Amino acid sequence: MTTLWSGDDIHFMRLALQEAEQADRLDEVPVGAVLVAEGALLGRGHNHPIRQNDPTAHAEVMALRDAGAWTRNYRFAGATLYVTLEPCLMCFGALLHARVDRVVFGASDPKVGVSRWLDTLQGAKLNHSFVFEGGLLAAECRDLLQGFFKRRRQA
């Protein structure tokens, strides 16, 4: 990816990595996300599907829920979501409904990441679109995930 990352981009992805580390400590797949608008942190979240018995409790959705509770709104025009792993199709849909303007992710997810669907989705007449950029601190994000799954296989 040829994107030039700003200092703010790096700062907020590091906050997303802190969220991912919290998920790791809870024995959840270590994915973290933060939602930001105009330099202000609106919401944060990390994976909780196992602990909450909720397949929708992905980091992105948790960050949107947190931001919604704080702002008392469900729309986030002008906001950027930073997430350590490429969003899945479900999270992509939630981000569309929330009207997020930009999504920045760390590690790619070739199995369930939404990139494999982007050509189809971009050809559809959706009521919203956003900038979708990946690769920010990808190695750190990937290392955290790989370490988690390596420990799981050894257990």
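Just so you know, these numbers come straight off a predicted model, no measurement behind them. In every chain, residue numbers begin from 1 and rise along the written sequence. Whole-chain, interface and lining totals are the exception, using all residues; otherwise, since this is a predicted model, local features are given only for residues with pLDDT of at least 70 and side-chain atom pairs are given and counted only at 80 or more. Side-chain figures throughout are based on the complete set of non-hydrogen atoms in the structure, without hydrogens or water.

Engineer: Quick one: what's the story with the environment of Asp27, residue by residue and with numbers?
Structural biologist: Secondary structure elements are taken from DSSP: a helix is a run of H or I of four residues or more, a strand is a run of E of two residues or more, and numbering for both begins at the N terminus. Note that Asp27 resides in the loop between helix H1 (7-25) and strand S1 (32-37). Spatially, the C-alpha atom of Asp27 lies 8.3 Å from that of Phe148, the residues being 121 residues apart in sequence.

Engineer: Tell me about helix H3 (residues 59-71), and please be specific about residues and values.
Structural biologist: One less than the number of residues in a helix, times 1.5 Å, gives the span that helix is expected to have. The end-to-end C-alpha separation of H3 is 18 Å, in line with the 18 Å expected for 13 residues at 1.5 Å each. Accessibility here uses a 1.4 Å probe with only protein chains present; expressed as a share of the type maximum, an area under 20% marks a residue as buried, one over 50% as exposed, and anything in between as partly exposed. For H3, the complete set of buried residues consists of Ala59, Glu60, Val61, Met62, Ala63, Leu64, Ala67 and Gly68. Only heavy atoms enter the contact rule, under which two residues are in contact if any of them lie within 4.5 Å. Packed against the buried residues of H3 are S1, strand S2 (40-46), helix H2 (49-52), strand S3 (79-85) and helix H4 (89-97).

Engineer: Give me the lowdown on the packing of H3 against H4, citing residues and values where you can.
Structural biologist: Packing of H3 against H4 leaves a shortest axis separation of 9 Å and a crossing angle of 25°. Classed by the angle they form, the pair H3 and H4 counts as roughly parallel. Our pair here, H3 against H4, has a crossing hand that is left-handed. In this structure, H3 uses Glu60, Val61 and Leu64 to contact H4, whose residues at the interface are Met90, Cys91, Ala94 and Leu95. Of the residues belonging to the contact of H3 with H4, the class tally is 6 nonpolar, no polar and 1 charged. Orientation is described by lines fitted to C-alpha atoms, with helices fitted over the stretch in contact, and by angles between N-to-C directions that extend from 0 to 180 degrees. Put simply, angles under 35 degrees are roughly parallel, angles over 145 are roughly antiparallel, angles from 65 to 115 are roughly perpendicular, and the rest are oblique. In a left-handed crossing the near helix is turned counterclockwise from the far helix by less than a right angle, and in a right-handed crossing that turn is clockwise. Gly falls in the polar group here, along with every residue not listed as nonpolar (Ala, Val, Leu, Ile, Met, Phe, Trp, Tyr, Cys, Pro) or charged (Asp, Glu, Lys, Arg).

Engineer: I'd like a description of the side chain of Thr80, backed by residues and values.
Structural biologist: Mapped onto the fold, Thr80 is located in strand S3. When its relative accessible area of 11% is taken as the criterion, Thr80 is described as buried. Sequence-distant contacts of Thr80, defined by excluding residues within four places in its chain, comprise Val34, Leu35, Val36, Val100, Arg102 and Val104.

Engineer: Quick one: what's the story with the pattern of salt bridges, residue by residue and with numbers?
Structural biologist: Definition used for salt bridges: Asp or Glu carboxyl oxygen within 4 Å of a side-chain nitrogen of Lys or Arg. Applying the stated criterion across every chain yields a total of 6 salt bridges. Between Arg65 and Asp54 there is a salt bridge whose closest N-O contact spans 3.7 Å. Of this pair, Arg65 sits in helix H3 while Asp54 sits in the loop between H2 and H3, and the two are 11 residues apart along the sequence. Owing to a relative accessible area of 18%, Asp54 belongs among the buried residues under this scheme. Through salt bridges with shared partners, one network takes in Asp9, Arg102 and Glu133.

Engineer: Can you break down the nonpolar core residue by residue, with the values?
Structural biologist: Counting residues in each nonpolar core, the largest one holds 41 residues, and the members touching the most others are Met13, Leu35, Phe76, Leu81, Tyr82 and Val100. Looking at this core, the elements with two or more residues in it are H1, S1, H3, S3, H4, strand S4 (102-107) and helix H6 (138-154). A per-element tally of this core places H1 first, with 6 residues. The contact partners of Met13, leaving out residues within four places of it in the chain, are Tyr82, Val83, Thr84, Val104, Phe105, Gly106, Leu136, Leu137 and Cys141. Among buried residues, the Ala, Val, Leu, Ile, Met, Phe, Trp, Tyr and Cys ones that are joined through side-chain atoms within 4.5 Å form a nonpolar core.

Engineer: If you had to explain the sheet that holds S4 to someone new, which residues and values would you point to?
Structural biologist: Should DSSP find at least two bridges between two strands, the strands are regarded as paired. One open sheet holds the 5 strands; their spatial order is S2-S1-S3-S4-S5, and the pairing between them is mixed. Strand pairing shows two members of the sheet lacking a second neighbour, S2 and strand S5 (131-134), which therefore form its edges. Each strand axis lies, on average, 15° off the axis of its neighbour in the sheet, ignoring direction. Relative to S3, S1 runs antiparallel, the two being bridged by 5 bridges. Counted as the bridge partner of Val34 is Tyr82 from S3. Contacting S3 and S4, H6 runs over the sheet at an angle of about 60° to S4.

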